[in-house]
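# Descriptive structure summary
The lines below spell out each chain.
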Amino acid sequence: MFEIGVDRVEGATVLQPRGRLTMASAGAFRDAVTTALHAGDQLVVIDLAGLAFIDSSGLGALAGAQRIAHAGDVPLRVCGASDQVRLAMELTNLDDLLQPFVTVDAALDAR
Amino acid sequence: MTIVSADERRQRVVDILGLPERGSLPVLDRIARIARRMFDVPSSAVTVFDADRVFIPGGSGDLPESIPREHTFCQHVLDTSGPVTTSDATCDPRFRDLPAVRADPAIRFYLGYPLTEPGGTVIGAFCVFDTRTREFDAAQVAEFSDLAAWAQRELLAEAESGRARAAQTALLPDRPLRIGDWSVTGRCAAALNVGGDYFDYGADGHVLHAGLADVMGKGTAAALLGSSVHGALRGAIQSVTEGMDLGRYLQRAETQLADELDRSGAFVTVFQLSADTRTHRLRYADAGFGLALLLRATGERERLTGDDPPLGLRRRERREHQVELLPGDRLVCVSDGVLDLVENPVRWPEAVESLVRPSTDAEAIDTILGLATERPPLDDVTVIIVQRHP
């Protein structure tokens, strides 16, 4: 079960994926992030607080999103990771790439 | 060991199948179309239970994408594990309060067959609906159950054919290796879908090597990438036993795979080691794998990791690390499928240590893979143990 909420805050798009980010949902996630990155905002924030679970495909999608963001020169920040999501990022050394923030506000304020 | 509820087991199986949550599978649409025509009903659907919803990976007629589970006729196949039917739902206490029955026109007739995975868990239903009251005769019921069996086969087919393809490409080592007072033991429990764990070990003279890799991303693209990863890692292994720096070894594999990794947008995590069984020095490199532990005979536990990211993410220099193994020390490396089997994934080092320390290498691997038969794994589960015997 997976869905993505989209919110706009002060010129930034905040994506809120909810449920399980796995191989079944990674495609939908990638599409939503790509759309957001091309929408012309100054910043895209992915709030992971609603994610119950992430697997390696989901992590791959997150890392891929960061790569697309780098290429397009739009900052992308992630925040709100649960213990399981944070563990998955740490084990794969993706925390170094993704530099997760604790809250949405922290991610927005870091501008 | 955790007791798994029927709902949890069902959810895991549904996750493993990796069905699209939007849109439908053409072959299931076709079966539903046939049912609609054969039985002259306005709609037919294949439904799958997913948490508190039921989604519809195939159907014909006017159907929503998904429905809350408590609003469905199909929830009742879970109770009976057999076919469920009503000739007039408006006066059947099981169904009369459902929104579709209170609607105008009301659904009156329902026939649903459970769809089960090979382990016997009901994951969904194949069903027909009508706004008229209906009664199927025995021949129609038999025809309908044939269609249900077909739908079940197709629902499971994609996952199974993926698995078969992966099995063909995987040439995994199948017995423990012993050199001097060192040994390597490893095994993989394959998930129903294409998990794509790769592991290998072997020796050249007195130097042994072992490695574990995981493609981050699943499905056909990952399965195809898996065999290239296998080729790139195994192809250069002789240079490793001859002394090639493991950081360079990973960089070389990354260069070789660069085009394919770029094209598929996938990443690969790798843990690779090589040990000289005379000097007892063990070299290793980690590209985002992060799941290796050194269990010292003295009772200490160390995590063997680096800070290098998965292959395909960012090209950069990769580092080799070294450690000396003393008699009785063991190195355990598990794939991320194991995280899904332990009670608290954040405390996986403690969990793995408590399973491995009191047992022999072979017993420990049996126990860890045994967890995977208790809970259907979402991902391949692989364990490698390297030991310098006392």
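See the structure shown above.
Only a predicted model underlies this, so the values are computations on that prediction, with no experimental measurement involved. (Residues numbered from 1 in each chain as written. Chains lettered and ligands numbered in written order. Predicted model: local features only at pLDDT ≥ 70, side-chain atom pairs only at ≥ 80, totals over all residues. Heavy atoms only, no water.)

### Re the packing of aromatic side chains
All names here are of chain B. This is how the line gets drawn: Aromatic rings from Phe, Tyr and Trp, taking only the six-membered ring of Trp, are treated as a pair when their centres fall within 6.5 Å; an angle between ring planes under 30 degrees marks them as stacked, one over 60 as edge-to-face, and anything in between as tilted. For helices the rule is a DSSP run of H or I covering at least 4 residues; for strands it is a run of E covering at least 2, with both sets numbered from the N terminus onward. Think of it in three bands: residues with accessible area under 20% of the maximum for their type are buried, residues over 50% are exposed, and the middle band is partly exposed, with areas taken using a 1.4 Å probe on protein chains only. Charge-over-ring placement is defined geometrically: NZ (Lys) or CZ (Arg) within 6 Å of the ring centre, and within 35 degrees of the ring normal.
One pass over the structure, following the stated rule, counts 12 aromatic pairs over all chains. Arranged with centres 6.2 Å apart and planes meeting at 50°, the rings of Phe-95 and Tyr-110 form a pair that is tilted. Of this pair, Phe-95 sits in the loop between β4 (84-86) and α4 (99-102) while Tyr-110 sits in strand β5 (residues 109-116), and the two are 15 residues apart along the sequence. Assessed through its relative accessible area of 0%, Phe-95 is described here as buried. A centroid spacing of 5.6 Å and a plane angle of 25° characterise the contact between Phe-271 and Tyr-284, whose relative ring orientation is stacked. With Phe-271 in strand β11 (residues 267-276) and Tyr-284 in strand β12 (residues 281-287), this pair connects stretches of sequence that are 13 residues apart. Here Arg-134 stacks its cationic end above the ring of Phe-109, 5.9 Å away from the centre of that ring.

### Topic: the state of the cysteines
Residue and element names in this part refer to chain B. The condition is simple: Here, a disulfide means two cysteine sulfur atoms that sit within 2.5 Å of each other.
Scanning the entire structure with this criterion turns up zero disulfides over all chains. The thiol sulfur of Cys-74 is not disulfide-bonded, and the nearest other cysteine sulfur, from Cys-127, lies at 3.7 Å. Its relative accessible area of 3% is what places Cys-74 among the buried residues.

### Describing the interface of chain B and chain A
Selection criterion: Contacts are assigned to residue pairs that have any heavy atoms within 4.5 Å of one another. Think of a salt bridge as a Lys or Arg side-chain nitrogen and an Asp or Glu carboxyl oxygen that are within 4 Å of each other.
On the chain A side, the residues contacting the 44 residues of chain B number 23 residues. Counting every contact that joins chain B to chain A gives zero salt bridges. Within the residue set of the side of chain B that touches chain A, elements represented by two or more residues are α1 (6-17), β10 (207-216), α8 (246-264) and β11 of chain B. At three residues, the largest contribution of residues to the side of chain B that touches chain A is made by β10 of chain B.

### Focus on α8 of chain B
Residue and element names in this part refer to chain B. Heads up, the rule is: Each residue after the first adds 1.5 Å to the expected span of a helix.
For α8, with 19 residues, the first-to-last C-alpha span of 25 Å sits near the 27 Å given by 1.5 Å per residue. For α8, the complete set of buried residues consists of Leu-246, Gly-247, Tyr-249, Leu-250, Ala-253, Glu-254, Leu-257, Ala-258 and Leu-261. Two residues or fewer past α8, Gly-265 is found with a positive phi of approximately 65°.

### Describing the pairing of β11 of chain B
The side chains of a regular strand alternate between the sheet's two faces. Residue and element names in this part refer to chain B. To keep it simple, the criterion reads: Each pair of strands is called paired provided DSSP finds at least two bridges between the two strands.
Along β11, nine of the 10 residues are buried, which leaves the element largely enclosed by surrounding structure. Note: β10 against β11, 10 bridges, orientation antiparallel. Bridged to Ala-213 within β11 is Val-270. In this sheet, β12 lies alongside β11 in antiparallel orientation, the contact comprising five bridges. Each residue of the ladder has a partner; that of Phe-271, found in β12, is Asp-286. Hairpin connection between β11 and β12: a loop of four residues separates the two successive antiparallel strands, and His-280 in this loop has a positive phi of roughly 65°.

### Some thoughts on the environment of Leu-355 of chain B
Residue and element names in this part refer to chain B. Considering the arrangement of structural elements, one finds Leu-355 in helix α9 (residues 348-356). A relative accessible area of 23% places Leu-355 in the partly exposed class. Between the C-alpha atom of Leu-355 and that of Ile-365, which follows or precedes it by 10 residues, the distance is 8.8 Å. The residues touching Leu-355, leaving out its near neighbours within four places in the chain, are Ala-364, Thr-367, Ile-368 and Leu-371.

### Points about the pairing of strand β17 (residues 381-388) of chain B
Residues and elements named next belong to chain B. Most of β17 is tucked away: eight of the eight residues are buried. Where burial is concerned, the two faces of β17 agree: the one with Val-381, Val-383, Ile-385 and Gln-387 and the one with Thr-382, Ile-384, Val-386 and Arg-388 are both buried. Summarising the sheet, strand β16 (residues 330-334) and β17 pair through five bridges and their orientation is antiparallel. Directly across from Val-334, in β17, lies its bridge partner Val-383.

### Notes on the pattern of salt bridges
Side chains that differ in sign of charge can pair as their charged atoms come close. Residue and element names in this part refer to chain B. Overall, the coordinates contain 24 salt bridges over all chains when judged by the stated rule. Put simply, Arg-234 and Asp-200 hold a salt bridge, and the shortest N to O gap is 2.7 Å. On the criterion of sequence distance, the pair formed by Arg-234 in helix α6 (residues 220-235) and Asp-200 in strand β9 (residues 197-204) is long-range, its members being 34 residues apart. Asp-200 sits in the buried class, given a relative accessible area of 7%. A salt bridge links Arg-296 to Asp-329, with the shortest nitrogen-to-oxygen separation between them at 2.6 Å. With a gap of 33 residues between them, Arg-296 in the loop between β13 (292-295) and β14 (301-303) and Asp-329 in the loop between β15 (321-324) and β16 connect regions that are remote in the sequence. Just as Arg-296 is buried, Asp-329 falls in that class too. Through salt bridges with shared partners, one network takes in Arg-301, Arg-347, Glu-350, Glu-353 and Arg-357.

### Comments concerning the nonpolar core
The tendency in soluble globular proteins is for nonpolar side chains to be buried as a group. Heads up, the condition is: Throughout this description, the term nonpolar core refers to a set of buried Ala, Val, Leu, Ile, Met, Phe, Trp, Tyr and Cys residues connected via side-chain atoms within 4.5 Å.
Residues Phe-271, Leu-273, Leu-282 and Leu-331 of chain B are the most contacted members of the largest nonpolar core, which totals 48 residues. Among the elements that take part in this core, helix α10 (residues 361-374) of chain B stands out by supplying six residues, more than any other. Excluding anything up to four places from it in sequence, Phe-271 of chain B contacts Ala-210, Gly-211, Leu-212, Tyr-284, Ala-285, Asp-286, Phe-289, Ala-292, Leu-304, Leu-331 and Cys-333 of chain B. One finds Leu-59, Leu-76 and Val-85 of chain A together with Phe-267 of chain B within the second-largest nonpolar core, a separate group that totals 32 residues.

### Some thoughts on the sheet that holds β12 of chain B
Two modes of strand pairing occur in sheets, parallel and antiparallel, and in both the strands are linked by backbone hydrogen bonds. Residue and element names in this part refer to chain B. We count it as follows: Axes here refer to lines fitted to C-alpha atoms; in helices the fit is confined to the stretch in contact. Angles between the N-to-C directions go from 0 to 180 degrees.
The sheet built from five strands is open, its strands ordered β9-β10-β11-β12-β15 with antiparallel pairing. Every interior strand has two partners, whereas the edge strands, β9 and β15, have only one. Here the average twist between neighbouring strands, direction ignored, is 15°. By the bridge criterion, eight bridges tie β9 to β10 in an arrangement that is antiparallel.

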